[in-house]
Amino acid sequence: MDGKYHEVFIPFDDVLEKGGSLFLQELSHKKYTNEGEAEKKNLVILPISFVEKMERERIDQPAYDDILRSIDAIIGHQEQPREKVNIYEVNTGLDLAILDHWKPRNNQESLEDKKFYEIPQKEFKIYRLERFILDIFGKQMEQDHPTILTGNSFYRIKHRGSRIENPSFLMIDASIVDKGLIKGTDELLQLLIKTKKNNDSFSLEKAKEFFDHHLYLNQIIYFTPQDKPHKLYAKVTGDLSWDDQRQKLKKVKNKRLELILPTFDLKNLYRPLHTNKLRVGDHIMPSFLGITPRDDEQYLAMQCGIANPDVSMLFIPGGQGSGKTILAMTLIDQVLWYNSEYRNKRLCLPPNTKTEKGGVYNKLIFFKPTDIIGGKHRDLGFLPGDLFEKLAFHLDSYRDAFKQTSLDEKIEFEDLFKHPKRKNQFFEKRDVSEKIFEHCNLNPHSELVELVYSAYVRGRTFENTIIVIDEAQNYTPYEIKTVVERAGKNCKIVIIGDPMQKDNPNLSMEYNGFTFAISHFLPKDYSMLIKLGTNYRHSMSEDAKEMIAFSS
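Model, not experiment: these values are computed from the prediction.

**Q** Help me understand the sheet that holds strand β14 (residues 313–317), please; the structure alone is not making it clear to me.
**A** Two modes of strand pairing occur in sheets, parallel and antiparallel, and in both the strands are linked by backbone hydrogen bonds. Spatially, the 6 strands line up as an open sheet ordered β19-β16-β20-β21-β14-β22, and their pairing is parallel. Two strands bound the open sheet, and with one partner strand each, they are β19 (449–451) and β22 (527–529). The sheet shows a mean angle of 15° between the axes of neighbouring strands, taken without regard to direction. Pairing analysis gives 5 bridges linking β14 to strand β21 (residues 492–497), with the strands arranged parallel. Counterpart to Met-313 in the pairing with β21 is Ile-493. Against the sheet, helix α9 (residues 296–306) makes contact with β14, β21 and β22, and its axis sits at roughly 170° relative to β14, the strand it touches most. The strands touched by helix α14 (residues 477–484) are β14, β16 (363–367), β20 (465–469) and β21; relative to β20, the strand with the most contacts, the crossing angle is about 170°.

**Q** Even after reading the chapter, I still don't get the side chain of Ser-28, so can you show me in this structure?
**A** Locating Ser-28 in the fold gives a position in the loop between α2 (23–26) and β2 (41–47). Owing to a relative accessible area of 5%, Ser-28 belongs among the buried residues under this scheme. At a separation of 2.9 Å, a polar atom in the side chain of Ser-28 contacts the side chain of Asn-91.

**Q** What is the right way to read the environment of His-214 from this model?
**A** Looking at where His-214 falls in the secondary structure, it is placed in the loop between α8 (204–208) and β9 (220–223). Residue His-214 is classed as partly exposed on the basis of its relative accessible area of 48%. Considering only alpha carbons, one finds His-214 and Pro-523, 309 residues apart in sequence, at a separation of 9.1 Å.

**Q** Would you mind showing me how to read the nonpolar core here?
**A** Nonpolar side chains in soluble globular proteins tend to end up buried together. By size, the foremost hydrophobic cluster in this structure holds 70 residues, and its most contacted members are Phe-23, Ile-45, Leu-46, Phe-315, Phe-367, Ile-469 and Ile-495. Aside from chain neighbours lying at most four places away, what touches Leu-46 is Pro-11, Leu-16, Phe-23, Val-51, Met-54, Ile-71, Leu-96, Ala-97, Ile-98 and Leu-99. In terms of nonpolar packing, the next biggest core, distinct from the first, is built from 60 residues, Ile-260, Leu-331, Leu-451 and Ile-530 among them.

**Q** Please clarify how the pattern of salt bridges should be interpreted in this entry.
**A** Here the idea is simple: oppositely charged side chains can pair when their charged atoms come close. On inspection of all chains with the given rule, the structure shows 23 salt bridges. Arg-69 is the salt-bridge partner of Asp-65, the closest N and O atoms lying 2.8 Å from each other. Here Asp-65 pairs with Arg-69, and both are found in helix α4 (residues 62–76), just 4 residues apart, close to one helical turn. Look at Arg-69 and you get exposed, because its relative accessible area is 57%. Here Lys-255 and Asp-525 are joined by a salt bridge, their closest N and O atoms 3.6 Å apart.

**Q** Explanation requested: helix α11 (residues 340–347) in the structure shown.
**A** Because an α-helix completes one turn every 3.6 residues, residues spaced three or four positions apart along the sequence face the same direction. Residues of α11 that are buried include every one of Tyr-342, Arg-343, Asn-344 and Arg-346, and no others. Looking at the buried positions of α11, the neighbouring elements they touch are β12 (278–280), β13 (283–285) and β15 (337–338).

**Q** How do you make sense of the packing of helix α3 (residues 48–57) against α4 when you look at a structure like this?
**A** Each packed pair of helices is defined by two parameters, the angle between the axes and the distance between the axes. Here α3 crosses α4 at 125°, and the two axes come no closer than 8 Å. Comparing their axes, α4 and α3 come out oblique. The element α3 and its partner α4 pack so that their crossing is left-handed. On α4, the residues touching Val-51, Lys-53, Met-54, Glu-55 and Glu-57 of α3 are Tyr-64, Ile-67 and Leu-68. Here the contact of α3 with α4 is composed, by residue class, of 5 nonpolar, no polar and 3 charged.

**Q** Is there a simple way to think about α9 in this case?
**A** Counting buried residues in α9 gives 11 out of 11 residues, a clear majority hidden from the surface. Those residues of α9 lying buried are Asp-296, Glu-297, Gln-298, Tyr-299, Leu-300, Ala-301, Met-302, Gln-303, Cys-304, Gly-305 and Ile-306.

**Q** Please explain the pairing of strand β10 (residues 232–242) as it appears in this structure.
**A** As a general feature of sheets, a regular strand has side chains that alternate between the two faces. Among the 11 residues in β10, 9 count as buried, and that is most of the element. Pairing of β9 with β10, which is carried by 4 bridges, proceeds in the antiparallel orientation. Considered in β10, the bridge of Tyr-222 is made with Tyr-233. As judged from the 9 bridges shared by β10 and strand β11 (residues 249–260), these two strands associate in the antiparallel manner. Looking at β11, one finds that Ala-234 is bridged to Leu-259.

**Q** How do you make sense of the packing of aromatic side chains when you look at a structure like this?
**A** In this description, an aromatic ring pair is defined by two values, namely the gap between the centres and the angle between the planes. Applying the stated rule across the entire model yields 9 aromatic pairs. An angle of 55° between the planes, with centres 6.4 Å apart, marks the rings of Phe-315 and Phe-514 as tilted. Of this pair, Phe-315 sits in strand β14 while Phe-514 sits in helix α15 (residues 513–521); the two residues are 199 residues apart in sequence, bridging distant segments of the chain. Like Phe-315, the residue Phe-514 is buried in the burial classification. Clustering of aromatic rings is evident, with ring pairs tying together Phe-12, Phe-50, Phe-154 and Tyr-155. One Lys or Arg, Arg-294, reaches over the ring of Tyr-536 and ends 4.0 Å from the middle of that ring. The ring of Phe-427 has Lys-418 sitting right over it, with the charged end atom 5.7 Å from the ring centre.

**Q** Is there a simple way to think about the confidence of the model for the protein chain in this case?
**A** Detailed reading of the predicted coordinates is not advisable wherever pLDDT falls low. Averaged over the protein chain, the pLDDT score is 85; the fraction of residues at 70 or greater is 86%. Across the protein chain, the secondary-structure element scoring lowest on mean pLDDT is helix α12 (residues 387–391), at 62, and the one scoring highest is β22, at 98. Counting interchain partners and residues more than four positions distant, the pLDDT-below-50 stretch residues 119–123 has 12 contacts. With pLDDT under 50 throughout, residues 371–380 is counted as low confidence; its partners more than four residues away or in other chains account for 32 contacts.

**Q** Any chance you could explain the sheet that holds strand β3 (residues 85–91) here in plain terms?
**A** Taken in spatial order, the 6 strands of this open sheet run β3-β4-β2-β1-β5-β6, and their pairing is mixed. Across the chains shown, the open sheet's two edge strands, defined by having one partner strand only, are β3 and β6 (164–165). Of the pairings in the sheet, the one linking β3 to strand β4 (residues 94–99) comprises 6 bridges and is antiparallel in character. Paired with Glu-89 across the two strands is Asp-95, which belongs to β4. Against the sheet, α3 engages β1 (5–11), β2 and β4, with an angle of about 65° to β2.

**Q** Please clarify how the side chain of Gln-219 should be interpreted in this entry.
**A** When you line up the elements, Gln-219 lands in the loop between α8 and β9. Of note is the side chain of Gln-219, whose polar atom sits 2.6 Å from the backbone oxygen of Lys-179.

**Q** Got a minute to help me understand unusual backbone geometry in this structure?
**A** Peptide bonds are mostly trans, and most non-glycine residues show a negative phi. The backbone of Asn-199 shows a phi angle near 60°, a positive value even though the residue is not glycine. Mapped onto the secondary structure, Asn-199 falls in the loop between α7 (186–197) and β8 (202–203). Located in the positive-phi region is Asp-227, a residue other than glycine, with phi close to 60°. Structurally, Asp-227 is set in the loop between β9 and β10.

Rules of the game
- Residues numbered from 1 in each chain as written.
- Predicted model: local features only at pLDDT ≥ 70, side-chain atom pairs only at ≥ 80, totals over all residues.
- Heavy atoms only, no water.
- Pairing = 2+ DSSP bridges.
- Helix = DSSP H or I, 4+ residues; strand = E, 2+ residues; numbered from the N terminus.
- Axes fitted to C-alpha atoms, helices over the stretch in contact; angles between N-to-C directions.
- Contact = heavy atoms within 4.5 Å.
- Buried < 20%, exposed > 50% of the residue type's maximum accessible area, 1.4 Å probe, protein only.
- Polar contact = N/O pair within 3.5 Å; in protein donor to acceptor, adjacent residues only side chain to side chain.
- Core = buried A, V, L, I, M, F, W, Y, C linked by side-chain atoms within 4.5 Å.
- Salt bridge = Lys/Arg side-chain N within 4 Å of Asp/Glu carboxyl O.
- Parallel < 35°, antiparallel > 145°, perpendicular 65-115°, else oblique.
- Left-handed = near helix turned anticlockwise from the far one by under 90°.
- Nonpolar A, V, L, I, M, F, W, Y, C, P; charged D, E, K, R; others polar.
- Phe/Tyr/Trp six-rings, centres within 6.5 Å; stacked < 30°, edge-to-face > 60°.
- Lys NZ or Arg CZ within 6 Å of the ring centre and 35° of its normal.
- pLDDT = per-residue confidence, 0-100.

Next up, the structure:
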């Protein structure tokens, strides 16, 4: 390296709060020599006042605690005398500078004794900080200005001329929700049909030759054959091997691309996929709790995602009216208590294997953010009543979906949350009959659905459970991470959302827990992403997207 810093960054508090120590990885220079060292070096600058603010708020801001721990590990083995500026090596492509308390360049200014974070936004001038940085590092910088990293548009508007950028490493392109369903070529389709007729396997390595991007397990390929009325579909699949507790995925063999056939064979190849029956193991049925898929995407979500035990992480993005909440209700089918005959079918067990009554999972847990349209954020305290009463009005979409299921004829919506043996935090014990259909009962040992407020989830572990995270675009990445970390043995997580329908004012289409989780988990062999694309509400609902309107 030539001794100069290629880029100099100053991450502001919103970046530190949202990304934690991620900036120490992402701001490092990314080009490396053959020896594995960075070709150049970048510099990140943190005024000590930033560090002091993080120390004061680390209890309430987990990201700050993460940063402080990382910084402590970096400087711990690089002891230096206390100076106004101390520089530490993070890696071969990044240094970290800790600045002592700084003052404006003109010592006569009234702000001279104030630390950076104490200066009111209306009085603070970024150029003061820039000049201070240039006085110290100007001769070591390749560029004429440091880069301020912040998503705060106020700074970009007020301090025009400064180098102010969005933190790109925290931004995920919202189009990532489309990656679960991609288009294939007619040539590939014909090869798949030929392979199926010959009872052969079409390896993933062969399939990769038809795409210029990576293929993920459980990714769906669609085909639009000429002169045919309906699409055809194939899925990237493989043979997954789990441990006995279905807690760890040990290996995946025979990765391949397979046609998804409407009749489970080559008959009626071009019949609409969503008109096919659904299958859980060897149990074939026309619907899940009376809910039949209305289009191919809903069928794929139900058959290849909800009913697939090898899909432990299922993402279902979709716009308003696309059926996301209805599909969440069909998950109750997975926690009903089937008799031994049907349980054996549904688990697709080896011949002569007998099991007791039970469901594929024991219960559902619903997480739903408490954001209110208009921007009031997360505060339940002003509402009267217990936790259920405070969250009840957020459950109206579930209640509406429940009314469309066959369960509505057997039990009340509130019965989903009642325990069969004792009073729980919401209701007296359940007093309805356990038997609801010919082959299945309600779980005699647990509620069907447990409602959990995300603020109370720390320390819990969920086992034999389906976890549903609804409206995930209104969760921060940290909140999604915290919920996913609760998953124990035999768990399935279904994450539902739409980056376009954001109510949390601290998030955006590019920065939210939903797209962050997709970006992180999509490459995992146990994950699946399928977007619902049709709005089944009135045309007015679709036309309303074009309105220019803001909540008050």
